[in-house]
Amino acid sequence: MALWRGSACAGVLALALGCVLLLEPELPGSALRSLWTSLRLEPAPPGPPSPESRLAAAWDALIVQPARRWRRVAVGVNACVDVVLSGVKLLQALGLRPGKGKDHAVLHSRKDLEEAFAHFMAQGAAAERFFSDQGAFHTVAQVASESPGAQHYVGGNAALIGQKFAANTDLQVLLCGPVGPKLHELLDDNVFVPPESLQEVDEFHLILEYQAGEEWGPFKAPHASRFIFSHDLSNGAMNALEVFVSSLEEFRPDLVVLSGLHMLAGHGEELQRKRLLEVVNALSDIPAGVPVHLELASMTDSELMSSVVHQQVFPAVTSLGLNEQELLFLSQAASGPHADLSSWEGVPNVGMVSDILFWILKEHGRSESRASDLTRVHFHTLAYHILATVDGHWANQLAAVAAGARVAGTQACATEAIDASREKLRSQTIPACSAIRNPKSEFFT
C-alpha cells in the first residue's frame, strides 16, 4: 500500500541484519564482508566480531544527521520531581507485606499500593496510577524521599523531553509546566521556564523500580521495570496549558512537543472533554508547517483514551509516541487489532505491534479522504523500537529509529555508548500478521 511505500527495504534490512547475526554467528568470512560492505561500513575488523559489535557498528553507520535541523523547541505541559527508589524496599519501609496482586485504576490506600505494585511486578510491566488520598500520599512520599538510595530527578514527560533537548546547545528550549523550587534547580540552564509556570511547591511522583528476577513474596519480576504513582493536582488539570499556548506566539518554535493528557484521568468526564477540546483548539492555532509531537503515557481510563483518539486530538498532531502498555490500551479502548489481548506476555510481539501501528495510521492518519495531520507513529519498548510513517512526509526514518533504539539502550544501562561486550542480541520469530505481510515500517532491536 502507498501508506507504507519507501520504508520496506530499510525495515527488512534492519530486522534481517539482527536475525542473520544472531542465528548464523559463524557465517563464512566472505559473506560477512559482503554484508559489511553493503551497509557501507568501514572495513571489517580482523577476527570474528560478535553479533552485538557488528550491530553497534551498523548503527554508527546508519545514524546520520537530518537535512532539516530544528533550532527552537517548545515542550509542555507536565513536569514534576521524580523520586526513584527500590519498590520492594519502600514497601518494606512502610511495613507492608506481600499479599495478592491486584490492579487498581486509582490507589486509595497503602494496601491498594501494595496490591497494584505486586500485580505489575509479576508481569514485568510498567504502569502509572493516581493516589487519591493526599495525606496518605504525602506520608508515603516523605518515607520515600528519606529512604537510603532514593534519588531525585527531573520528572514528567514534558520536562524530561525538554531536559534531553537542552543537552544540545544549538537548541533553544521552552518548557511550560508546574515547576517548583526543586525541579527548577534540577533543570538544565538551557531550559527556559516562563515566570507564569513557576510555583512555590513541587509536584512529586514516586517511581518504584524493580530488577529482572527480583522477588516480593511469591511475586518474581520477569523483566526490569517500574511502577509510578502520585497525587498530582497541577498536572492532573493540565494547569499549564494556557501558559503554554500563550507562550508559543512569542517563542515561535520550529517544533512543538505535547505530553500530559494522561494526567486528566483523575478528573470527571466533563472536565476531560473540556480540556481535550481546549487542547485541540490550541493545536489548531499553531502555524502550518510546525510539526506537533504528542507523547502518550500510561492510562487506565478507557473513556479518556477513547476521547483522545476520537475527539480530534490524533488528527491535530503530526507525530505520536507511545510504549507497549499505551499501544495495547489504545487498541482496547478504540476497538483496534488484538483488543482481546489482556496484556503482553514478555516482550511485545512484533507482528501484533505492527498490526496496531498500521491500524492507527490507516484509521486516523493522513490520507486523500481524511483531513488529518498524523503521519508518524514511534513505538518504543525496551527491547526494540518501530517507526511507522505515511509515505512522502518524513525523511531520515531509518536513522531516527536506530538513534531512538540506541539511546534507549544507553539510558537503560546508564552508559555513554553501547558496550557490545555487555549486550545480548535477541530476535523474535515474527508471525504472518497483516502489517507484516506488507512490511513497510522500520524497526530496530
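Before reading on, note that the structure itself is shown above.
What you see as residue numbers is a count from 1 along each chain, following the sequence as written. For a predicted model such as this one, the threshold for reporting local features is a pLDDT of at least 70, and the threshold for listing and counting side-chain atom pairs is 80 or more; totals across whole chains, interfaces and linings nevertheless cover every residue. For the side-chain quantities, the full set of heavy atoms in the structure was used; hydrogens and water were omitted.

### What to know about the overall build of the chain
Consideration 1: Secondary structure is summarised from DSSP: a helix means a run of H or I of at least four residues, a strand means a run of E of at least two, and numbering begins at the N terminus for each. Helices and strands together make up the secondary structure of the chain, namely 17 helices and 17 strands.
Consideration 2: Think of it in three bands: with a 1.4 Å probe and only protein chains considered, a residue is buried below 20% of the maximum accessible area for its type, exposed above 50%, and partly exposed in between. Put simply, the chain has 445 residues, and 49% of those count as buried.
Consideration 3: A contact between two residues is defined here by any heavy atoms of the two lying within 4.5 Å. By sequence separation, contacts in the chain at least 24 residues apart represent 71% of the contacts at least 6 residues apart.
Consideration 4: Throughout, the Shrake-Rupley method with a 1.4 Å probe supplies accessible areas, and for residues the shown protein chains are the sole cover considered. Put simply, the chain shows about 20700 Å² of open surface, and 52% of that area lies on carbon and sulfur atoms.

### Some thoughts on the environment of Ser86
Consideration 1: Inspection of the secondary structure puts Ser86 in strand β2 (residues 80-86).
Consideration 2: With 122 residues separating them along the chain, Ser86 and Leu208 place their C-alpha atoms 5.4 Å apart.
Consideration 3: Every residue in contact with Ser86, bar those within four places of it in the chain, is listed here: Glu209 and Glu214.
Consideration 4: Nitrogen and oxygen atoms within 3.5 Å of one another constitute a polar contact, given that in protein one can donate a hydrogen and the other can accept it, and given that sequence-neighbouring residues count only through two side-chain atoms. Among the polar contacts made by the side chain of Ser86, one reaches the main-chain amide nitrogen of Lys89 at a distance of 3.2 Å.

### With respect to the sheet that holds strand β4 (residues 127-131)
Consideration 1: Ordered by their spatial adjacency, 6 strands build an open sheet running β3-β4-β11-β8-β2-β5, and the pairing between neighbours is mixed. Either end of the sheet is taken by a strand with one partner, and the two such strands are β3 (106-107) and β5 (151-155).
Consideration 2: Only when DSSP finds a minimum of two bridges between them are two strands counted as paired. Two elements, β3 and β4, share 2 bridges in a ladder whose sense is parallel. By the bridge assignment, Val106 is partnered in β4 with Phe130.
Consideration 3: Set on the sheet, helix α6 (residues 134-145) makes contact with β2, β4, β5, β8 (204-210) and β11 (225-230); between it and β8 the angle comes to about 55°. Interaxial angles span 0 to 180 degrees and are taken between N-to-C directions of axes, which are lines fitted to C-alpha atoms, for helices over the stretch in contact.

### Details of unusual backbone geometry
Consideration 1: Here the bond from Gly76 into Val77 is cis, since omega is 10°, no more than 30 degrees from zero.
Consideration 2: For Met238, which is not glycine, the phi dihedral falls at a positive 50°.
Consideration 3: Tracing the sequence through the fold places Met238 in the loop between α9 (233-236) and α10 (241-251).
Consideration 4: A positive phi angle, close to 55°, is found at Ser335, a residue other than glycine.

### Let's talk about the nonpolar core
Consideration 1: Only buried residues count toward a nonpolar core. Its members are Ala, Val, Leu, Ile, Met, Phe, Trp, Tyr and Cys residues joined through side-chain atoms within 4.5 Å. Judged by nonpolar contacts, the single largest core of 56 residues is most densely connected at Phe314 and Ile360.
Consideration 2: Per-element accounting of this core gives the leading share, 7 residues, to helix α15 (residues 350-364).

### Brief notes about the packing of helix α3 (residues 51-62) against helix α16 (residues 397-412)
Axes are the key here: two packed helices are described by the angle between their axes and the distance separating the axes.
Consideration 1: α16 packs onto α3 with a crossing angle of 135° between their chain directions and a minimal axis gap of 9 Å. With respect to their mutual orientation, α3 and α16 come out oblique. Crossing angle aside, the handedness with which α3 passes α16 is left-handed. Residues Trp59, Asp60 and Leu62 of α3 form the contact with α16, whose participating residues are Leu398, Ala399, Ala402, Ala405 and Arg406.
Consideration 2: Three classes are used, and their members are as follows: Ala, Val, Leu, Ile, Met, Phe, Trp, Tyr, Cys and Pro are nonpolar, Asp, Glu, Lys and Arg are charged, and the others, Gly among them, are polar. In terms of residue class, the contact of α3 with α16 is made up of 6 nonpolar, no polar and 2 charged. Put simply, angles under 35 degrees are roughly parallel, angles over 145 are roughly antiparallel, angles from 65 to 115 are roughly perpendicular, and the rest are oblique. Whether a crossing is left-handed or right-handed is set by the direction in which the near helix is turned from the far one by less than a right angle, anticlockwise for left-handed and clockwise for right-handed.

### Regarding the pattern of salt bridges
Consideration 1: By salt bridge we mean one thing: a side-chain nitrogen of Lys or Arg within 4 Å of a carboxyl oxygen of Asp or Glu. If you walk through the whole model with that rule in mind, you get 11 salt bridges.
Consideration 2: The salt bridge involving Glu209 is made with Arg226; its shortest N-O contact spans 2.9 Å. With Glu209 in strand β8 and Arg226 in strand β11, this pair connects stretches of sequence that are 17 residues apart.
Consideration 3: Judged by relative accessible area, which is 34%, Arg226 ranks as partly exposed.
Consideration 4: Residue Glu242 pairs with Arg275 through a salt bridge whose shortest N-O separation is 2.7 Å. In this pair, Glu242 is assigned in helix α10 and Arg275 in helix α11 (residues 269-284), connecting sequence segments 33 residues apart.
Consideration 5: Take Arg275: its relative accessible area is 7%, and that puts it in the buried class.

### Observations concerning the packing of helix α14 (residues 324-333) against α15
Consideration 1: Interhelical geometry of α14 versus α15 gives an angle of 60° and a closest axis separation of 11 Å. The orientation of α14 relative to α15 falls into the category oblique. Note that α14 runs across α15; the crossing there is left-handed. For the pair α14 and α15, the contacting residues are Leu327, Leu330 and Ser331 in the first and Val353, Ile356, Leu357, Trp359 and Ile360 in the second.
Consideration 2: Among the residues making up the contact of α14 with α15, the classes are represented as 7 nonpolar, 1 polar and no charged.

### A word on the environment of Ala212
Consideration 1: In this structure, Ala212 sits in the loop between β8 and β9 (215-216).
Consideration 2: Looking at Ala212, the relative accessible area reads 52%, which means it is exposed.
Consideration 3: Sequence-wise, Ala212 and His223 are 11 residues apart; in three dimensions their C-alpha atoms are separated by 4.2 Å.
Consideration 4: In contact with Ala212, other than residues within four places in its own chain, are Ala221, Pro222, His223 and Ala224.

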